[in-house]
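Residue-level structural notes
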Protein chains: 2
Amino acid sequence: MDTEKLIQDLIDNGHKTYIGNLSIDCTIFGYHERRLKVLLLKWKGIEGWSLPGGRIKKTETLQAAAARILQERTGLANIFLKQYQVFGDSDFRVKQPEMTNLLKAMKITVPKNNWLADRTFSIGFYALVEYSEVDPKPDLFTEECNWCDINELPELLFDHNEMVDLAQKTLRQELSYLPIGSNLLPKKFTLPEIHDLYETLLGKSLDRRNFPKKLLALGIIKKLAETRNIGAHRSPFLYRFDMRNYNRALQEGLAVQF
Amino acid sequence: MDTEKLIQDLIDNGHKTYIGNLSIDCTIFGYHERRLKVLLLKWKGIEGWSLPGGRIKKTETLQAAAARILQERTGLANIFLKQYQVFGDSDFRVKQPEMTNLLKAMKITVPKNNWLADRTFSIGFYALVEYSEVDPKPDLFTEECNWCDINELPELLFDHNEMVDLAQKTLRQELSYLPIGSNLLPKKFTLPEIHDLYETLLGKSLDRRNFPKKLLALGIIKKLAETRNIGAHRSPFLYRFDMRNYNRALQEGLAVQF
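The rules we used
Residues numbered from 1 in each chain as written. Chains lettered and ligands numbered in written order. Predicted model: local features only at pLDDT ≥ 70, side-chain atom pairs only at ≥ 80, totals over all residues. Heavy atoms only, no water. Contact = heavy atoms within 4.5 Å. Buried area = accessible area lost by both parts, 1.4 Å probe. Salt bridge = Lys/Arg side-chain N within 4 Å of Asp/Glu carboxyl O. Polar contact = N/O pair within 3.5 Å; in protein donor to acceptor, adjacent residues only side chain to side chain. Helix = DSSP H or I, 4+ residues; strand = E, 2+ residues; numbered from the N terminus. Nonpolar A, V, L, I, M, F, W, Y, C, P; charged D, E, K, R; others polar. Core = buried A, V, L, I, M, F, W, Y, C linked by side-chain atoms within 4.5 Å. Buried < 20%, exposed > 50% of the residue type's maximum accessible area, 1.4 Å probe, protein only. Domains from an automatic or database assignment.

What follows covers the interface of chain B and chain A. Each partner contributes to the interface: chain B provides 26 residues, whereas chain A provides 26 residues. Summed over both partners, the interface of chain B with chain A comes to about 2,100 Å²; 54% of that surface belongs to carbon and sulfur atoms. For the pair chain B and chain A, the interface holds 0 salt bridges. Here chain B and chain A share 6 residue pairs in polar contact (both at pLDDT 80 or more) between them. Looking at the side of chain B that touches chain A, the elements with two or more residues in it are helix 2 (62-74), strand 5 (81-87), strand 6 (121-130) and helix 5 (160-174) of chain B. Examining the composition of the side of chain B that touches chain A, we find that 3 residues originate from one element, strand 5 of chain B, more than from any other. Split by residue class, the side of chain B that touches chain A holds 10 nonpolar, 10 polar and 6 charged.

Turning to the nonpolar core, a few remarks are in order. With 50 residues, the main nonpolar core has Ile 24 and Ile 56 of chain A together with Ile 24 and Ile 56 of chain B as its most contacted residues. For Ile 56 of chain A, the contacting residues outside a window of four places in its chain are Thr 17, Tyr 18, Ile 19, Leu 22, Ile 24, Leu 62, Ala 65, Arg 68 and Ile 123 of chain A together with Phe 121 of chain B.

What follows concerns the domain arrangement of chain A. When the parts of a complex come together, some accessible area is lost, and that lost area is often used as the size of the interface. All names here are of chain A. Under the domain assignment used here, chain A contains domain 1 (3-174) and domain 2 (188-252). Between the C-alpha centres of domain 1 and domain 2 there is a distance of 33 Å. At the junction of the two partners, domain 1 supplies 8 residues and domain 2 supplies 9 residues. The three residues of domain 1 that bury the most area against domain 2 are Tyr 31, Arg 34 and Arg 172, which together make up 70% of that side's buried surface. At the boundary of domain 1 with domain 2, the tally comes to 1 salt bridge. For the salt bridge of Asp 196 with Arg 34, the shortest nitrogen-to-oxygen distance reads 3.6 Å. For the side of domain 1 that touches domain 2, the elements supplying multiple residues, two or more each, are strand 2 (35-43) and helix 5 (160-174).

Shown next as structure tokens:
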């Protein structure tokens, strides 16, 4: 089927497959070379960008739905993906004018009593992935899927700027009680590499000496006997995550202040 | 209208007033004399207990819906009430057998295609209130509303034990970056009083000397020139919250490790 037919089928029959009144939107953070980026979709026919999102099938769990949407847009499976907030109070979601205009630009009409025209609450998820592993793919309604630096975000459609802001705030808070980084750093890394990662995510400077001490004290990283030669007689020691402690901390939580 | 007619009206006409597929359940923690309690409802006709909950009106915001449900059950307004997780994956919520049995015990039949028989996702909120200020009231489906010590919870209906567990875990994590206590302690309190509050909420011992130092360093409490006479020549100094710093911390977050 071509896109037009797929969209018409979603309007006509989607209510048989998907849960009404609910959607998922994902803030997918990408980390690469000391920059934090967000995955955005450009809608067809207009200059508008939004977060990737989708609907929940009646037969799937919430987590499975979020994982499916993430995989459809990024090609990545088994990514740490976390709920952080339900959104549903913006004027858009009550009045739906923006969505109607978007679809008009695509020459699509959603009938007034159609399931897609109902007030929709969106469950916000966030994920943190290694930027270069992602193969971004647009969906039915969009024509481009691209990374954007978090400090250079345009005005997004709907309430999606608010979603990104709160996702970033949540991610920063969660760094105090969840370990991160095992999917963002090489298997063996230097202290400056993990230091840069945390500085980028937290958006603040961290002490070069105290920061690694805290991670070592928590037991989530350990020093190896190996060094990496980075030239000019500099050979910093390599470290790796202690995956037993790391996974335990994912389950039980940490308590640390950076 | 009597209860039976109200329930029948909810089954027949509720879909005109309320959002489908979505509900709210509230874990309302009560603090009193060094104990943490949870507000529970006893269902009519069976020995089953659940958390207070309800549906979202099409015309109200999510936060307003949660505040309304809290107020209906407790009589309290303007309570700090926070979303923490969406639940929707338990077998119950897909298959709905437990709900059907509950309603059968009340001689209520929900038709197969009725809006109330649809798969429902529930948005979990939690609140923390001063136990003695609450006037607990049951709802249409329940006959009793009572406090239960969190360490003595029975097996609850649906997935509500899981909801309480995660609410408590979230509350403990949030103590690291949100101030609490202004609605749980007298306006002027002693250091042992706030120490007991945090120990009860965190479920662990806190150092008598270091704990208050941290709160003072954050600027959220301050020492008064007054003392309270508690007999036997003991007159500990009184403290109060610095509400300007407290409210700023509610907005901007703290970073502290207890």
